[in-house]
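Secondary and tertiary structure notes
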Amino acid sequence: MSEGRDTTPSVDADATADLLAWHDRVVAAHDDEFEAAKELVTRLGAHYVREGDDGDHGDDGDEGGAGRAEFGFWTPELLDEGVPEEAVALELLTPVDGIDYEALGAGDAGDADESGAEIEVHRDRLPVERNGAYHWVAVSDVRAGTRDRFGAFYRLVYETDDGLETVADPLAYSVPFGAFAPAELYDWDSLDESRADREYFERLGTEEERVATTEDDGLPRVDPANAMVEIHPGTATADGTLGGLARQYETVGEKLRSGEELTPAERNFVGYDGIQLMPVEPLTENREFADYWREQSADGDANGGGAGDGDGSPEDETLTVEVDRPDMINWGYDIVVSAYSATNPGVLETGRPDELVDFIAACHNLSEPIKVVFDVALGHADNRGAELLNDYFFEGPGMYGKHLHYKHPVVRAILLELQRRRMDYGADGIRVDGAQDFTYYDPGPDENVHDDEFLAEMDEVTQEVAGTEYRPWMVYEDGRPWPREDWELASSYRALIEQHPHAFQWSPITFAHNTPALLTFWATKWWRVKEVCEFGSQWLTGVANHDTIRRGTQIDPTVEFNQSPVNPYLGEDYPETLDNAYNNPASSMFFYCFSPGVPMDFIHANMRAPWGFIRDTDSVWNVKVVSDESKFLYWQVREEQFESDDHFHRVKDLGFGSKDELLKFMNALSAAVKSTDYDLDVMAGMLSAMDQPLGDDLSAEDLEQYAYAWMQDIHDFANLAHWHDSQDDERTAFDLSVREFRHERPWLRADVDFEGDEYYGYRHPTEGTVLYYGFRVSPDGDEQLLFAANMEGVPVTVSPQVLQEEMPDVPTDGWEVALAAPGVSAGEEVELANAQAVVWRREP
């Protein structure tokens, strides 16, 4: 459908003057630059002014029409470069016709030749006003995007002796063609007003609230979940989108309301009142791939037009742009920070940020609402972030790319504003990724120190959704003093809980470096398990998450030097061993039926589906990253799966005909990386000499293409849609019953009262079995639970009488089995095989 336009965007001089006056008032009102910046940044970016918000939209001011917008940019680099004000302009690129986003192809490994579509945009350039290091302008008759249409794209441009330069908006709400393309003006108010869960937010802090909150400094703070699951949107559904995930939960909700039975696969998604969503912010992009936005030509001079005048550029100037739907493969943590307030278009099937809101609403509108926790990764920026952000954003190089300059007052304020805008999509909680990485250089001790003041500022950020202001559930991942060599021993995982008593952290059992597939894991980790029991009430627990499973797949199962052997009790082969290591009755029942904290699962572990590191956004380290995953084939791929026509299309097209042949090459690739210090040319020569299907004259480019093929195949292989039909009915029903057990007893989150009536422990000497046991009592004293689990080892017989030998004060009469692992007979005396558990209950 033709969008057309009846009017041409133009500068609203009065509204621009109001912006400048407001800027001056803010600066005058604050002696502290950071405090002033916190207020100024709220109006940076592009804001569509709805009718009644001090703006007159005229006849076209309705939702989605052409109305007024305000634009603000912080551009100190232009002052440094001596760019005159008159050389700077706001460029608007308004689509001539509608964009059928869902019809756009997504290129394979960035190949846009087969998928690109051409669109035409009207181009207008309007002058802006400079105030200090900021540029401002208010524009009339500009189109904003909504759920049903695309708005004008925009960026700042300025003339130099070398040609036209552009400045991206770091605080954009919508970037449908990625962070490296122009941002889209979006009607944020329409998104908030049309959300299907407004009542959920309107009830927060009232007697009718649908989720519990606790008053915190005059505002409701969302209470923690009882049980949570981590989900990667790009592989969770066949669509690999937030829209697909929303439909998944809408379908589940309809079935639950109608009493229809869930499929075994659907059970894996429910029984939780919390979802931790892996990051869904705009990502870096591979330099070697075609851009998703490629400007082709213009009616007239493509680089001309200057800053324009108050009436805008000529109305008939159009620009042809070739576009693709972004298809980056990534866990989500390789962010560029710019446009962090938007949503990664790689997980949007429509290109509309409303998909994220729809997913959240689907969770909130279930008969038993599910809280949504955002994974906020503002502890670093990918190196390509330097192409989009000015140098003031960065302190220098960092472990994951660029180290952000948290001490710069404006940068600090922008990062907090990005967090606020991100969370205002309607999240209930925030998980701060890698909180130990928020550091700054202190020249006194000549070292980086933790910026706990900034983390405290993050904790102070409030959300406003559907007119309700609230505070989110705060969760930190913090392993300080990581990366110090002794961090696994030295980290308390409590530093931020001690500073913020309402906050939670990932526990030492949950943090990345855990390998339950190895023999003696549950014995050697007992000291950490003991900590969970004694003071884990504000920890997230559980062993399965995106990091730990990857860590498991990196183990070389053929080598026992410096590591325990693979646990032989867990499975007949490596894939079965890994599946059972991260999803088994004993560990699940320990975390859900006995231990303190908030247990968290990973959806891929629930589904017994493959999972590994997936990323095609790095043109420098992609071959090395693939070599690090060389043991994936041992742990995650069965012979019949490789042979299936459903999997590994690309590496098969390269000539690999069997899993053994591919495994041999992967091991050689890994060895070549280590022996050459990652010299691709030398590696290619070494690998050319071996018998492999890629040829006897390999180049660095050949290795890079192989790496991309591997990453795309693993991304497809990990998609949960492939594994729905293989779900075991008994196992998934049991897993759900374990989660329901926890929901019925939220009091289990409290620490074990080991100085009172409660017990925890493990039997020693082990005599071949790591037997965990414990005794919990409800706060009212009306229910007692007795727990026993064979965490690893040979079968063991347990009963209340046997456990009394370990816990002398525990009664032995009146017990009945409340929950038992599949295969365990109900009774007072039971035999527990490896990874089996039982919990008895009694009423005193």
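Definitions and limits used
Residues numbered from 1 in each chain as written. Predicted model: local features only at pLDDT ≥ 70, side-chain atom pairs only at ≥ 80, totals over all residues. Heavy atoms only, no water. Helix = DSSP H or I, 4+ residues; strand = E, 2+ residues; numbered from the N terminus. Rg over C-alpha atoms; globule rule 2.2 N^0.38 Å. Contact = heavy atoms within 4.5 Å. Areas by Shrake-Rupley, 256 points an atom, 1.4 Å probe, with all protein chains shown as cover. Lys, Arg positive; Asp, Glu negative; His and termini not counted. Charge placed at Lys NZ, Arg CZ, Asp CG, Glu CD. Buried < 20%, exposed > 50% of the residue type's maximum accessible area, 1.4 Å probe, protein only. Polar contact = N/O pair within 3.5 Å; in protein donor to acceptor, adjacent residues only side chain to side chain. Salt bridge = Lys/Arg side-chain N within 4 Å of Asp/Glu carboxyl O. pLDDT = per-residue confidence, 0-100. 1 Å grid on protein atoms, 1.4 Å probe; cavity = no way out; pocket = protein on both sides within 12 Å on 5 of 7 lines; lining within 4 Å. Points joined across faces, edges and corners; volume = space filled by probe spheres on them. Nonpolar A, V, L, I, M, F, W, Y, C, P; charged D, E, K, R; others polar. Pairing = 2+ DSSP bridges. Axes fitted to C-alpha atoms, helices over the stretch in contact; angles between N-to-C directions. Parallel < 35°, antiparallel > 145°, perpendicular 65-115°, else oblique. Left-handed = near helix turned anticlockwise from the far one by under 90°. Patch = residues over 30% accessible without salt bridge, like charges linked within 9 Å, V, L, I, M, F, W, Y side chains within 5 Å. Arc of directions from axis to C-beta.

**Overview of the overall build of the protein chain**
Within the protein chain one finds 28 helices and 35 strands. Expected size for 844 residues packed as a compact globule is a radius of gyration near 28 Å; at 28 Å, the protein chain falls within 12% of this value. Projected onto the principal axes, the alpha-carbon positions of the protein chain cover approximately 90 × 70 × 65 Å. Once local pairs closer than 6 in sequence are excluded, the contacts in the protein chain between residues at least 24 apart make up 77%. Per element, the accessible surface of the protein chain, about 30,900 Å² overall, is 43% carbon and sulfur. For the protein chain, the distance from the average site of its 63 positive side-chain charges to the average site of its 174 negative ones is 4 Å.

**What about the side chain of R267?**
Within the secondary structure layout, R267 lies in helix α8 (residues 264-267). Note on R267: relative accessible area 8%, which makes it buried. Looking at R267, its side chain comes within polar contact range of the side chain of D729, at 3.0 Å. Residues contacting R267, with those up to four places away along its chain left out, are E261, L262, D729, T732, A733, L736 and R739.

**A short note on the side chain of E629**
In this fold, E629 is placed in the loop between α20 (622-628) and α21 (632-636). Look past the residues within four positions of E629 in its chain and what remains in contact with it is R550, T553, Q554, G612, F613, M666 and W710.

**Examining the pattern of salt bridges**
Under the defined criterion, the tally for this structure stands at 56 salt bridges. With a shortest N-O distance of 2.8 Å, D452 and R480 are connected by a salt bridge. Of this pair, D452 sits in helix α11 (residues 452-460) while R480 sits in the loop between β25 (473-476) and α12 (487-490), and the two are 28 residues apart along the sequence. Measuring nitrogen to oxygen at the nearest pair gives 3.0 Å for the salt bridge that ties R745 to E783. With R745 in the loop between α27 (729-744) and β29 (759-762) and E783 in the loop between β30 (769-777) and β31 (784-793), the pair connects residues that are 38 residues apart, well separated along the chain. Through salt bridges that share partners, E744, R745, E783, E816, R841 and E843 make up one connected network.

**Some remarks on the confidence of the model for the protein chain**
Across the protein chain, the average pLDDT comes to 93, with 93% of residues at 70 or higher. Overall, residues 55-64 carries pLDDT values under 50, and its contacts beyond four positions in sequence, including any with other chains, amount to 27 contacts. The low-confidence segment residues 300-315, where pLDDT is below 50, has 39 contacts with residues more than four positions distant or belonging to other chains.

**Comments concerning the layout of surface pockets**
Computed from the structure, the largest pocket encloses a volume of approximately 1,200 Å³. Secondary-structure elements contributing two or more residues to the lining of the largest pocket are α16 (546-553) and α20. Per-element accounting of the lining of the largest pocket gives the leading share, 4 residues, to α16. For the lining of the largest pocket, the residue count by class is 11 nonpolar, 11 polar and 15 charged.

**Section: the sheet that holds β30**
As summarised here, the arrangement of the 5 strands in space is β29-β30-β31-β35-β33, forming an open sheet in which the pairing is antiparallel. On the outer flanks of this sheet lie β29 and β33 (816-820), each paired with one strand and no other. On average, each strand axis in the sheet is tilted by 15° relative to the strand beside it, whichever way the strands run. The pairing of β31 with strand β35 (residues 837-842) spans 6 bridges and is classified as antiparallel. When the bridges of β35 are listed, A789 appears paired with A837. Of the strands in this sheet, β29 and β30 touch helix α15 (residues 526-535), which is tilted by about 175° from β29. Each of β31, β33 and β35 is contacted by α27, which is oriented at about 120° to β33, the strand it contacts most.

**Brief notes about the pairing of strand β12 (residues 219-222)**
Residues of β12 alternate between two faces, with L219 and R221 on one and P220 and V222 on the opposite face, all of them buried. As judged from the 4 bridges shared by strand β11 (residues 213-216) and β12, these two strands associate in the antiparallel manner. Looking at the pairing, E215 lines up with P220 of β12. Here β11 folds back onto β12, and the loop between the two strands holds 2 residues, one of which, D217, carries a positive phi near 55°.

**Observations regarding the packing of helix α18 (residues 585-593) against α27**
Relative to each other, α18 and α27 sit at 15°, their axes nearing to 9 Å. Judged by the angle between their axes, α18 and α27 are roughly parallel. Remark: the crossing between α18 and α27 carries right-handed chirality. For the pair α18 and α27, contact is made by P585, S588, M589, F591, Y592 and C593 and by F734, V738, R739, F741 and R742, respectively. Of the residues that constitute the contact of α18 with α27, the class distribution is 8 nonpolar, 1 polar and 2 charged.

**Re the environment of R420**
Relative to the assigned elements, R420 resides in helix α10 (residues 409-423). The sequence separation of R420 and M458 amounts to 38 residues, and the corresponding C-alpha distance is 8.8 Å. Ignoring any residue separated from it by four or fewer positions in sequence, one finds R420 in contact with V461, T462 and Q463.

**Observations concerning a negative patch on the surface**
A surface patch of like charges, here negative, comprises E288, D677, D679, D681, D696, D697, E701 and D702. Residue position: D681 is located in helix α25 (residues 680-688).

**Remarks on the sheet that holds strand β28 (residues 598-602)**
One closed barrel accounts for 8 strands, arranged β13-β14-β17-β20-β25-β26-β27-β28; its pairing is parallel. Averaged over all pairs of adjacent strands, the angle between strand axes in this sheet comes to 30°, irrespective of strand direction. In terms of strand pairing, strand β27 (residues 539-541) meets β28 through 2 bridges, oriented parallel. Bridge pairing in β28 places L540 opposite V598.

**Examining helix α2 (residues 33-40)**
Where α2 is concerned, the buried positions are F34, A36, A37 and L40. Looking straight down α2, one finds that the buried residues subtend no more than 160° of arc, so they occupy a single side. At its buried positions, α2 is contacted by α1 (13-29), β7 (134-143), α10 and α11. Put simply, D32 is the residue that caps the front of α2, since its side-chain oxygen is 3.1 Å from the backbone nitrogen of F34.

**What to know about α11**
Residues three or four positions apart in an α-helix share a direction because the helix packs 3.6 residues into each turn. Listed as buried for α11 are D452, F454, L455, M458 and D459. All buried residues of α11 fall inside an arc of 155° around its axis, so they share one side.

**Here's the deal with unusual backbone geometry**
The omega torsion across W482 and P483 is 10°, close enough to zero to call that bond cis. Position of P483 among the secondary structure elements: in the loop between β25 and α12. Following H764, the chain continues into P765 via a peptide bond in cis, with omega recorded as 5°. In this fold, P765 is placed in the loop between β29 and β30. Although it is not a glycine, D141 adopts a positive phi angle of roughly 60°. Even without a glycine there, the phi angle at F648 is positive, about 60°. Residue class for F648 comes out buried when judged on its relative accessible area of 1%.

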